[in-house]
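What the coordinates show
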Amino acid sequence: MSDVENPSAIVIIFPGTNCHVETARALSMAKFEVREIHVNELLQDKSILEQFQLLALPGGFSYGDDIASGKVAANKLLFKLEDQIKSFANDKLIIGICNGFQILVKAGLLPAVGGDFKIQATLTYNDLGHFYCDWVKLKNVNSGKCVYTRGIDFIELPVAHGEGKFVVKEDHVFDQMEKNDQIVFKYMKHDKSPANGAFPHNPGNSLKDIAGICDPTGRILGLMPHPERYLLRYNHPRWTAGFGDDEENGIRIFQNARDYVIEHLI
Amino acid sequence: MILIFSKSGEMEPDEISLGEQLSKNLASDIEMLRIAKGYSIEKRYSHETLDTIGNSLLVDPIVESYSIDEIPWEGYSTLITVGYKPGVTDNVGHTASIAINDLGLEQNGNSNDFVHSFTLIALWGVDSTEELIDALHDVFNPIVEFANISSNEIVLPRYDLSTTVDDDALVQDIPIIDANDEELIEISKKGLLALNLEEMKAIQAHYKELSREPTDIELETFAQTWSEHCVHKTLKSAARLEITDHVGKKQLLMYDNLIKETIFAATRIIRENGDKDDICVSVFKDNAGIIKFNENFNICFKVETHNHPSAKEPYGGAATGIGGVIRDILAAGMGAKPIANTDIFCFSEPNISRDEVPEGIIHPKEIMKGVVAGVRDYGNPMGIPTVNGSVYFDKRYLGNPLVFCGTAGIIPRKINGKPSENKEPNVGDYLVVIGGKTGRDGIHGVTFASLEMDKHTSSNPVQIGDPITERMFMEAMFKARDKGLYTFVQDCGGGGLSSAFGEMGAELGCEIHLEKVPLKYQGLLPWEIWISESQERQAFSVPPEHFEEFKEIFELEGVGVYHVGMITGNKKLVLKYGDLKVGEIEMDFLHNGVPLPEKEATWRQGVPVMEGFEPSDAPGELLKEILASWNVCSKEWIVRQYDSEVQGNTILKPLQGCKNDGPGDGSVIKPDPASWAGIALSNGMNPFYGDFDPYLMAASSIDEALRNIVCCGADPNHVAILDNFCWGNPRDPEHMAKLILACKACKDIATGFETPFISGKDSLNNEYKTDDGVISIPATLLISAIGKVEDIRNVPSMFLKSPGNFLCIVGETRDELGGSHYLKTRNLEEKNTMVPTVDTHTFMNHYRAIHECMNNGLIASMHDCSEGGLITSISEMCFSGELGATIHLKNVPRDFTEDPLNDILLFSESNGRILVEIPKGKKDEFIKAMEGKIMGIIGEVTSDTRLLVEGIDGNCIINESISDLKRAWQAPLDLEHYLGTSGE
């Protein structure tokens, strides 16, 4: 329990992170107090993290995605902030979007089946070989474990990445994830049937159409699509034809997080 | 050395694709091909430490394995090692160096970049080295990469480029005072100075007065500052054009300063005499044009070209092009935040055979892939949405592809209480350079850009970009800006430090200590440091009392800050290296001494051709052919590689429609969360019209840009435009004549529309010498428009919305088939040379009325009517909206009676026309609102997904399924096919 009254979120910026402004905007709209902080500043005073209930790793190209996407940032967390991050993960919320998801997977925070932070999966190069940007249709297949997606059945969001193909180390990792209710979003076709790996609905040919997953507690979420880019109905690609919604959009993910924080963490 | 390779026993997609590419040029089959990523590590680490590095950093253990100092495969016949040449930016090696230090390992050796990345390719079944050398030409670029072929070893170059320089070699006098004309030209040529004889003579006269010889660095400074790239001396010159019309009547056009009396003059006249509010804030003097947006913000816009480098190294050339224009926005006023990118390319058709490509030229398909990948790999990491663009194809772009990169930015109107567009350094301010270190990269970039190319043209000026460094200093820069820590910011691009500090100290004078500039490796001469175009640097003037805080902010982001000089107040440029003075130039002579001799040109107006010809016997088939032509077809393959959604403000997307894949007229973003106002971006370009009439080519481009932006919902009274001239050799009187005529059109049309120019750029000498003669590009003027949308919620988009709605064409269709896709497709280009005209008064009346209708909810969709004419635009509205339409040509307003009537109505590209879909209950209200305007209700939207057209006499002349039309339009740059083969 923290003595802070309002839910508060910290958004970590690495060199090359580029979605922190809109991620902070989404959190503010969901009524979080938000602090954006550069990782170098955080390393000067690691205890800052204790003041927050939600940690967000936004999208972008941390360290240029050189070597592999999210890898160098993941090592920053593992080698410089290990204790702080593990203690945060113990009872608080972490969300990683796009590059943030890649960081969480490469740091072993996701999928973390069996509860240990070992690398069990990866997000690797899309089959088509390069970056791809489009809006995708997603189905929430989670039965209730994930705290961020309650009340969401189906949502359209933009994707923009070159390395979004989810792959597991061994088949049993996926089986366990399914058993633990860790699968969150799956790519769908226009008619809401499963994408079954088909391009462009599942743009990177991700395993089992996986677009987002959570850890066994449901408090850590990673997803390739960008909910922070759909906060107004006017962001929807076909709003001029009457589609899009001012409430049932990306903001719901952040509002659910806020509700959880109020109920459990303050 | 650590090698990372796929765990899988099967070949990976990138291995299969490289194998296929290499096989094309090999006699024997490749049995197998494997690729490893290599990291050569200079520090002497133990095997255990290397194991830790491989294990915890370099390998992705799910899909990869690694080996240390050992080639992981057996039985291969050949090994190929490919990597960046020493001195070329190696982002992966740089990041690996940082990341290894993060692991907290044993400290060992130097702290600079000690990792070099490379790629190792192993082949089975191929051992002919000679054939491989040829085959490799398609997969690596010798300009920036090395490749080594061996049977069993990895061969890497010596990476350390450091050399020592003798003290007496630091500066040389170049004797020119007594040189004759020939010798002067020789000195310029030998030094790659691109200074012409008049300019060399002006410098000679100046030094005669000073009674001394210039030093090398002084001469280099003139070459940079006086280059076409930096000073635009052709457009600033006096010009005289004699026009002879087709009956022999002569007319003389004379200008003392061409650009000032045409393009600048239009803006001045509009600002002084216009009957609407002045939207301009800062025009022509800064790195970008700035206009008003709302009560809190101004917006700015700039488009640059990066043509010569992109021809030689498409990937690096295009990437540094977008990097440079982003820095222009960062240096607009006190520094604006980039909010949108736009990219326009001109290539030769990608399907021409290899035999048609002259020696020294890269095949257009490879150029296209490289350029697209370069813009992608720099633009996406910068976190700026790429929302608008176009591609034009013409075989004359073979040797000189054109790469236009644009960025729009937003800046608070006031920063710390002062107007944000004003910046002035003060005497005593520190001169500071931040960002990347300086190497020999890009030396002579701007003088290279001012020369014609041939197969011998070297490309040392080409560089590889590092977007992350630029992203890092951008983040820091806004913090420093809002705290008021600097007085001036200048992009460090073309011309390097010489241009940035030469500009910053132009009024007051400055002194630079070149030994304080941080270097990538030792041994650069002072003049090399001074003009190097190493990327990702920005220049500032910082009051001494703010320097420590300024430095802290950048260093927290990991960006280097270097104090290298100061503003002096003596109106001189003083260059020092340690205690040694290496150059001293009067600022006045440097900036005002360039001779601008009058340019003479003549123009003979051709006799307008309007011959008769048979109508097309199958207009539906012709329509599909036009939809499938390179210039009209879908560019989705390119658009999808760019992040168009980052920042979360994209309201009207580049691709629109039920499947999100129809062609928008431009884009709209909403940059201020506190306001419903938006910014629209569009462009216009018609290089084919210029072959017949350069005046109307320029006029049409302006109208097209304006039309497009009105279709995006911008207020036609709140639009500003940019010019980008890409031309052939201006010393050719015909090219010069076309340039003068285009400038004249810019003045007349912009003034007529009351749409001001706010910034521009020119790139001349786009010629390529082959053994068969010179290939010169068509006269190409890109007009880019930026406009304000008062309320983004009123924007309708371009695709059909509802059956039962009405279709209306606003504007008149005329017999103007000159330069049209219709004649091009039918190979009848010579039959009609009447290029579309522009009537600014009528067109603007229409645009204002349409905009009013949009704001009153009378428009369900609207689309620009341009390439391919009326029917092509209607097809796009139909297949994007997945609805059909029935069109009655007799209702299309026209001013002609010539045959072939139906064909002209369908395919003429007359300017000033916009297609509008009117909601079914709003027809009467719309007609009333448009009273007195030229318009016709030409059809209805239907649910049966067919496009039906009734000709003038009521017969059905087109009956096509919209899915067939869409398929034709998508086929040439087919998504799956092109997506399957990546650019890099």
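Look a little higher up for the structure.
By convention here, each chain's residues receive numbers from 1 onward along its written sequence. Here every chain gets a letter starting at A, and every ligand a number starting at 1, in the order they are written. In view of the model being predicted, local features appear only for residues whose pLDDT reaches at least 70, and side-chain atom pairs are presented and counted only at 80 or more, with totals across whole chains, interfaces and linings using the full set of residues. Excluding hydrogens and water, the side-chain values take into account all heavy atoms of the structure.

Each aromatic ring pair is described using two quantities: the centre-to-centre distance and the angle formed by the ring planes. When two rings of Phe, Tyr or Trp (its six-membered ring) have centres within 6.5 Å they constitute a pair, described as stacked for plane angles under 30 degrees, edge-to-face for angles over 60, and tilted for the intermediate range. This model, assessed by the stated rule, comprises 29 aromatic pairs over all chains. When the centroid spacing of 6.3 Å and the interplanar angle of 70 degrees are considered together, the rings of B:Phe5 and B:Trp73 count as edge-to-face. Taken as a pair, B:Phe5 in strand β1 (residues 2-6) and B:Trp73 in the loop between β3 (64-68) and β4 (78-84) lie far apart in primary sequence, 68 residues in all. Between buried and exposed lies partly exposed: a residue is buried under 20% and exposed over 50% of the maximum accessible area for its type, with that area taken using a 1.4 Å probe on protein chains only. Of the residues examined, B:Phe5 reaches a relative accessible area of 14% and is grouped as buried. Each ring, one from B:Phe613 and one from B:Tyr822, has its centre 6.1 Å from the other, and the planes form 40 degrees; the classification is tilted. In this pair, B:Phe613 is assigned in the loop between β25 (599-604) and α21 (619-627) and B:Tyr822 in helix α25 (residues 821-825), connecting sequence segments 209 residues apart. Like B:Tyr822, B:Phe613 is buried. Aromatic ring contacts, followed pair by pair, group B:Phe5, B:Trp73, B:Tyr76 and B:Trp124 into a single cluster. Here the guanidinium or amino end of A:Lys192 rests over the ring plane of A:Phe154, the centre of that ring lying 4.0 Å away. Put simply, a charge is over a ring when the Lys NZ or the Arg CZ is close to the ring centre, within 6 Å, and near the line of the ring normal, within 35 degrees. For B:Lys824, the ring lying beneath its charged end belongs to B:Phe688, and the centroid distance is 4.3 Å. Strands here are runs of E lasting at least two residues and helices are runs of H or I lasting at least four, both read from the DSSP assignment and numbered beginning at the N terminus.

One recurring pattern in soluble globular proteins is that nonpolar side chains are buried together. Formed by 100 residues in total, the largest nonpolar core has its most connected members in A:Leu54, A:Ile95, A:Tyr148 and B:Ile53. Core analysis: the second largest hydrophobic core is formed by 77 residues, B:Ala750, B:Phe806, B:Tyr847 and B:Ile914 among them. Take the buried Ala, Val, Leu, Ile, Met, Phe, Trp, Tyr and Cys residues and link them wherever side-chain atoms come within 4.5 Å; each set so joined is a nonpolar core.

This next bit is on the side chain of B:Ser910. Residue and element names in this part refer to chain B. Residue placement: Ser-910 occurs in the loop between α28 (901-907) and β39 (914-918). Contacts described as polar in this section are N or O atom pairs within 3.5 Å, which, within protein, must combine one atom able to donate a hydrogen with one able to accept it, while residues neighboring in sequence count only if both atoms come from side chains. Side-chain polar atoms of Ser-910 contact the backbone nitrogen of Arg-814, separated by 2.9 Å. Only 2.7 Å separates the side chain of Ser-910 from the side chain of Glu-816, close enough to count as a polar contact. Here Ser-910 is in contact with Glu-812, Thr-813, Arg-814, Glu-816, Pro-836 and Cys-865, once residues within four sequence places are set aside. Contacts: residue pairs with any heavy atoms within 4.5 Å of one another.

The next point concerns the interface of chain A and chain B. In this complex, chain A contributes 55 residues to the contact, which on the side of chain B involves 60 residues. Both faces considered, chain A and chain B share a buried interface measuring about 5000 Å² in area, 60% of it formed by carbon and sulfur atoms. A per-residue breakdown of the area chain A buries against chain B is headed by A:Ile67, A:His130 and A:Tyr234, which together make up 13% of the total. Between B:Arg640 and A:Asp134 there is a salt bridge, with its nearest N and O atoms 3.4 Å apart. Scanning the region where chain A abuts chain B turns up 22 residue pairs in polar contact (both at pLDDT 80 or more). Mapped onto the side of chain A that touches chain B, the elements with two or more residues apiece are α1 (20-29), α2 (39-44), α3 (71-80), β5 (121-124), β6 (132-140), β7 (154-161) and β8 (165-168) of chain A. The dominant element in the side of chain A that touches chain B, judged by the number of residues it contributes, is α3(A), at six residues. Residues belonging to the side of chain A that touches chain B are distributed by class as follows: 25 nonpolar, 18 polar and twelve charged. Buried area is calculated as the accessible area (1.4 Å probe) missing from two parts once they are joined, with the contributions of both summed. Each reported salt bridge corresponds to a side-chain nitrogen of Lys or Arg within 4 Å of a carboxyl oxygen of Asp or Glu. Any residue that is not Ala, Val, Leu, Ile, Met, Phe, Trp, Tyr, Cys, Pro, Asp, Glu, Lys or Arg is counted as polar, Gly included; the first ten are nonpolar and the last four charged.

Residues and elements named next belong to chain B. Spatially, β9-β10-β11-β14-β12-β13 is the arrangement adopted by the six strands of the open sheet, whose pairing is mixed. Looking at which strands have only one partner, the edges of the open sheet turn out to be β9 (280-282) and β13 (386-393). When strand polarity is set aside, the average angle formed by the axes of neighbouring strands in this sheet is 20 degrees. The pairing of strand β12 (residues 337-347) with strand β14 (residues 402-412) spans nine bridges and is antiparallel. Following the sheet pairing, Pro-338 is matched in β14 by Gly-409. What counts as an axis is a line fitted to C-alpha atoms, over the stretch in contact for a helix, and the angles between N-to-C directions run from 0 to 180 degrees. Those strands touched by helix α13 (residues 314-330) are β11 (297-305), β12 and β14, and its axis lies near 25 degrees from that of β14. Two strands are counted as paired when DSSP detects at least two bridges linking them.

The next thing to look at is the sheet that holds strand β35 (residues 780-789) of chain B. Residue and element names in this part refer to chain B. Taken in spatial order, the six strands line up as β26-β29-β30-β35-β31-β32 in an open sheet, and their pairing is mixed. Edge strands, defined here as strands with exactly one partner in the open sheet, are β26 (650-652) and β32 (757-763). On average, each strand axis in the sheet is tilted by 20 degrees relative to the strand beside it, whichever way the strands run. Taken together, the seven bridges between strand β30 (residues 678-684) and β35 define a ladder with antiparallel strand orientation. Considered in β35, the bridge of Ser-682 is made with Ala-785. Lying over the sheet, helix α23 (residues 694-711) contacts β30, β31 (719-726), β32 and β35, oriented at roughly 150 degrees with respect to β30.

The next point concerns helix α6 (residues 197-210) of chain B. Residues and elements named next belong to chain B. Taking 1.5 Å of rise per residue, 14 residues should cover 20 Å, and α6 covers 20 Å from first to last C-alpha, within 8% of that figure. Looking at the buried side of α6, the elements it contacts are α5 (181-190), α7 (216-225), α9 (233-236), β24 (580-586) and α20 (587-592). The N-cap residue of α6 is Asn-196: its side-chain oxygen and the backbone nitrogen of Glu-198 are 3.2 Å apart. Phi turns positive, to about 55 degrees, at Ser-211, one or two residues after α6. Residue count minus one, scaled by 1.5 Å, sets the expected span of a helix.

Scope: geometric values only; no functional claims are made or implied.
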